[in-house]
Every structure is written in C-alpha cells, then in structure tokens.
Amino acid sequence: MNGVINEKITVVVPVFNEQESIAETISRLIRIREISCNEVDFDLIFVDDGSSDASLMKLREASSQHSFIKVLALSRNFGHQIAITAGIDYSDGDYVAVIDADLQDPPELIVDMYRRAKEGFDVVYGKRRSRAGETVFKKVTASVFYRLLRYMCEIDIPSDTGDFRIMSRRAVDAFNSMRERHRFVRGMVPWLGFKHVALEYERAERFAGVTKYPLKKMIAFAVNAILSFSSKPLTLAIRAGLFTILVGMAGGAYMLYLKLFTDVVVPGLTAILLTIVIFGGIQILLIGVVGEYIARIFEEVKGRPLYLVGETINV
Ligand code: UDP
Ligand code: MG
C-alpha cells in the first residue's frame, strides 16, 4: 500500500431488538476499521428495524461519537430482508457488506471477503461450515429448506449461506434495480449472476439475546422464498391434476369392466363420498396456491414503498 486509500466498504447491519449485543458489534466493527485503515476505508450503516428495546438509543449514542456510524431507523418493523435492502439503498461504498448484529458471523471476515473480491469477484458470500449453538431442529429444517428451494427454483442458491456477504458496487447497483416487495435477498443475489465465490467460515453462537426468527417466521420465510422465486408450485398443481384425472379414468374403466363382464355389484356410497371429500380438499388447496400468487400480484401492483424511514443520523 502506498498510503493512499481510495476504496470504501459500507457495512450494513440490520438491527432488531439487539440491545444485548449491539455495543459489542459496534466496537468489533470499529476495531476492524482501525486495524485495516491502511488498506480500505469503512463506514457503517445500522438499520434499526423498529426495535422496541434500547437498541436505537445505543446506536444514537455511538453515531454521535463517530461520524462514520450512520443510523437508519425504519418507521416500524419491516423485517430482516427489507432492513437489509434499506441499508443497501443508502450505501455509497465501493463495496457493500451485510452482516447480522448478533455476531454469529465474524465481522473480521469482511476484510478477507474484500481481499477475495479484489481478486475479481463481484460477490463473495459466507458459507457456513458449522452452526454452533443451533439446535438439531434448526439444522435439519435449514437443510430441508435449501434442498426444496434448489428443486423449486431455476437459479442455483448455494446451500448454507445466509445474508453475510460482500458485493461490488456494480452488483449492488444491479441489486438496487430489483424492487420486488417479497424479497428473498439470498436468492436475488445469485440471480444477478456476476462472478461469485464462497468463503467458508465457522458460524458462531449468538453473542447474546435470542433468535428473531422463531419457527413461525422461519416457515413464512421459507414459503415466501419459494413463492417469490418460483412458479413451480403451479406446475406441480397441473401435474397433480393430470395425475388424478388419470387415476379417475383408470378407476372408471375398471368399474365399467366389472359392470359389463362380471356379476360383481360395486357398492358405492362410502367410496364416492370419500372421493368427493378428498378431491374437494385437493381442489381447495390448489386454489389456495393460486391465491397466494394472486395475493403477491396484488401486493406488487399497489406499488407502496418497501419501507419508510423514521430517522436518519449521519446519513
Ligand atoms: N432482524 C431484523 N428484523 C427482523 C428480524 C431480525 O432486522 O424482523 C435482524 C436481527 O437483529 C439480526 C439479523 O436480522 O441482526 C438476523 O436475525 P437473527 O439473528 O435473529 O436470525 P438467525 O441468525 O437466528 O437466523
Ligand atoms: Mg443470528
């Protein structure tokens, strides 16, 4: 290095009720900024996603001491993915890194990601080698989820990745042009294409506090990922329909055969009732699937802003 730093990394940190870990996250990031001051400049954008605890207060405090700490307080809780989006929207670094506020992903890795990106990659994403402190249940559901996702979606979403990554300005600008409401960021980034590479790391336990993704939110996240990325459920519905028609036709042919060529009397009422109920259920279910897509179209055409900002500091 010749002492001239001409590049900046903006680090985006979504924050939702992280009062126990936010101070540590801030100081770790400040330290990284100091250590790498000869190599690259940093600024930090903390997106407060409508926290109801002392997170925002602590962020205000930190930003009053350091002008490179910027705060974007959303007007209410919009969700993790929207919070990330808001931070990326406001970023102006040559590279933009996204990292959770709970220190599960080591912030020190951002510099490694940057170096890797400098070798000619637009996206360097963190790939979890292990998931310390996560329950067997979370590991299993996560693995099923990524498998299902890969089956449902045409794009290749790398497994065991989260939203911990660094992107070049070119990738960020492309990402910013995708304004869909139902955002599944870790699918949208692979959609961009560009040159990308994984950086493996050990995922630590949460520094403090509890996960903000309880089971209900996790299921919603998974369903949303599939519905917003794939129309395969509709194709599957058509296939299921064709299959039941075939089964029905085969059954009908068999009944006809019994009637014409044998003396067997086909007793019917129960079978008929059961069939009606089962297929009634299947139909309602499939209408529901179609309805989910229509609901998404409805949400999309309303064209509301993705988020509203309540307060900005140092931005
Ligand atoms: N988060 C957010 N809005 C939400 C939920 C979570 O901004 O509605 C933030 C949270 O503060 C954390 C990150 O998103 O920085 C990831 O959340 P969490 O660690 O709870 O998820 P997990 O690691 O358990 O999947
Ligand atoms: Mg976490």
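Residues numbered from 1 in each chain as written. Chains lettered and ligands numbered in written order. Predicted model: local features only at pLDDT ≥ 70, side-chain atom pairs only at ≥ 80, totals over all residues. Heavy atoms only, no water.

Another point: the overall build of the chain. Looking only at helices and strands, the chain has 10 helices and eight strands in total. The C-alpha radius of gyration computed for the chain amounts to 25 Å, which surpasses the reference 20 Å derived for 315 residues by more than 25%, pointing to a less compact arrangement than a globule. Surface summary for the chain: the accessible area is close to 16600 Å², and the carbon and sulfur share equals 63%. Between the averaged position of the 38 positive side-chain charges in the chain and that of its 37 negative side-chain charges there is a distance of 5 Å. (Helix = DSSP H or I, 4+ residues; strand = E, 2+ residues; numbered from the N terminus. Rg over C-alpha atoms; globule rule 2.2 N^0.38 Å. Areas by Shrake-Rupley, 256 points an atom, 1.4 Å probe, with all protein chains shown as cover. Lys, Arg positive; Asp, Glu negative; His and termini not counted. Charge placed at Lys NZ, Arg CZ, Asp CG, Glu CD.)

Right, let's talk about the coordination of the magnesium ion (ligand 2) for a bit. Within the protein, the magnesium ion (ligand 2) binds to Asp102 (OD) and Gln104 (OE1); these donor distances fall in the range 1.9 Å. An identical accessibility class is assigned to Asp102 and Gln104; each is buried. (Donors = N, O, S within 2.8 Å, 3.2 Å for Na, K, Ca; no water. Buried < 20%, exposed > 50% of the residue type's maximum accessible area, 1.4 Å probe, protein only.)

The end-to-end C-alpha separation of helix 9 (residues 232-261) is 43 Å, in line with the 44 Å expected for 30 residues at 1.5 Å each. Every buried residue of helix 9 is accounted for by Pro233, Ala237 and Leu258. Next to the buried residues of helix 9 lie helix 5 (136-152), helix 8 (215-229) and helix 10 (269-302). (Expected span 1.5 Å × (residues − 1). Contact = heavy atoms within 4.5 Å.)

Here the focus is the environment of Phe279. Mapping Phe279 onto the fold places it in helix 10. With 67 residues separating them in the primary sequence, Phe279 and Lys212 have C-alpha atoms 39 Å apart.

Lining the immediate environment of ligand 1, one finds 20 residues, of which Glu18, Asp49, Asp102, Thr211 and Lys212 sit closest. Within the side chain of Asp102, an N or O atom sits 2.6 Å from an oxygen atom of ligand 1. Within the side chain of Gln104, a nitrogen or oxygen atom sits 2.7 Å from an oxygen atom of ligand 1. Alone, ligand 1 offers 530 Å² of accessible surface; in the complex the protein occludes 94% of this. Listed by contribution, the elements that provide at least two residues to the shell around ligand 1 are strand 1 (8-15) and helix 3 (80-90). Residues belonging to the shell around ligand 1 are distributed by class as follows: six nonpolar, five polar and nine charged. (Near = heavy atom within 4 Å. Polar contact = N/O pair within 3.5 Å; in protein donor to acceptor, adjacent residues only side chain to side chain. Nonpolar A, V, L, I, M, F, W, Y, C, P; charged D, E, K, R; others polar.)

All right, on to helix 5 then. In this model helix 5 runs 24 Å from its N-terminal to its C-terminal C-alpha over 17 residues, within 8% of the 24 Å that 1.5 Å per residue would give. Within the span of helix 5, buried status applies to Ala142, Phe145, Tyr146, Leu149 and Met152. Mapping the buried residues of helix 5 onto a view down its axis gives an arc of 130 degrees, with all of them on the same face. Residues of helix 5 that are exposed and point over 90 degrees away from its buried face: Val136 and Arg147. (Arc of directions from axis to C-beta.)

In this structure, the second largest pocket occupies an estimated 320 Å³ of space. Together, 13 residues line the second largest pocket, and Gly248, Gly251, Met255, Ala271 and Thr275 are the ones closest to its centre. Taken together, the elements giving at least two residues each to the lining of the second largest pocket come down to helix 9 and helix 10. Counting residues per element, the lining of the second largest pocket draws most heavily on helix 9, which supplies six residues. A per-class count over the lining of the second largest pocket returns seven nonpolar, six polar and no charged. (1 Å grid on protein atoms, 1.4 Å probe; cavity = no way out; pocket = protein on both sides within 12 Å on 5 of 7 lines; lining within 4 Å. Points joined across faces, edges and corners; volume = space filled by probe spheres on them.)

Within the secondary structure, Asn38 is located in the loop between helix 1 (22-35) and strand 2 (41-48). The sequence separation of Asn38 and Ile5 amounts to 33 residues, and the corresponding C-alpha distance is 6.8 Å.

To continue, consider the pattern of salt bridges. Counted under the stated rule, the structure contains 23 salt bridges. The closest approach of N and O atoms between Arg33 and Asp41, which form a salt bridge, is 3.5 Å. A residue is classified by how much of its surface remains accessible, and Asp41, at 31% relative accessible area, is partly exposed. Put simply, Glu311 and Arg60 hold a salt bridge, and the shortest N to O gap is 2.9 Å. Separated by 251 residues along the polypeptide, Glu311 in strand 8 (residues 309-313) and Arg60 in helix 2 (residues 55-65) bring together distant segments of the chain. Where salt bridges share partners, they join Lys8, Asp43, Lys70 and Asp92 into one cluster. (Salt bridge = Lys/Arg side-chain N within 4 Å of Asp/Glu carboxyl O.)

Let us look at the pairing of strand 6 (residues 161-168). Where a strand is regular, its side chains alternate between the two sheet faces. Where burial is concerned, most of strand 6 is hidden: eight out of the eight residues are buried. In the sheet, strand 4 (residues 95-98) pairs with strand 6 via four bridges, with the strands oriented antiparallel. Looking at the pairing, Tyr95 lines up with Ser168 of strand 6. (Pairing = 2+ DSSP bridges.)

Right, let's get into unusual backbone geometry. Phi is positive for Leu103, close to 65 degrees, though the residue is something other than glycine. If you trace the backbone, Leu103 turns up in the loop between strand 4 and helix 4 (109-118). Residue Leu103 is classed as buried on the basis of its relative accessible area, which comes to 7%. Positive phi values are uncommon outside glycine, yet Asn314 reaches one of about 60 degrees. Along the chain, the position of Asn314 falls in the segment after strand 8.

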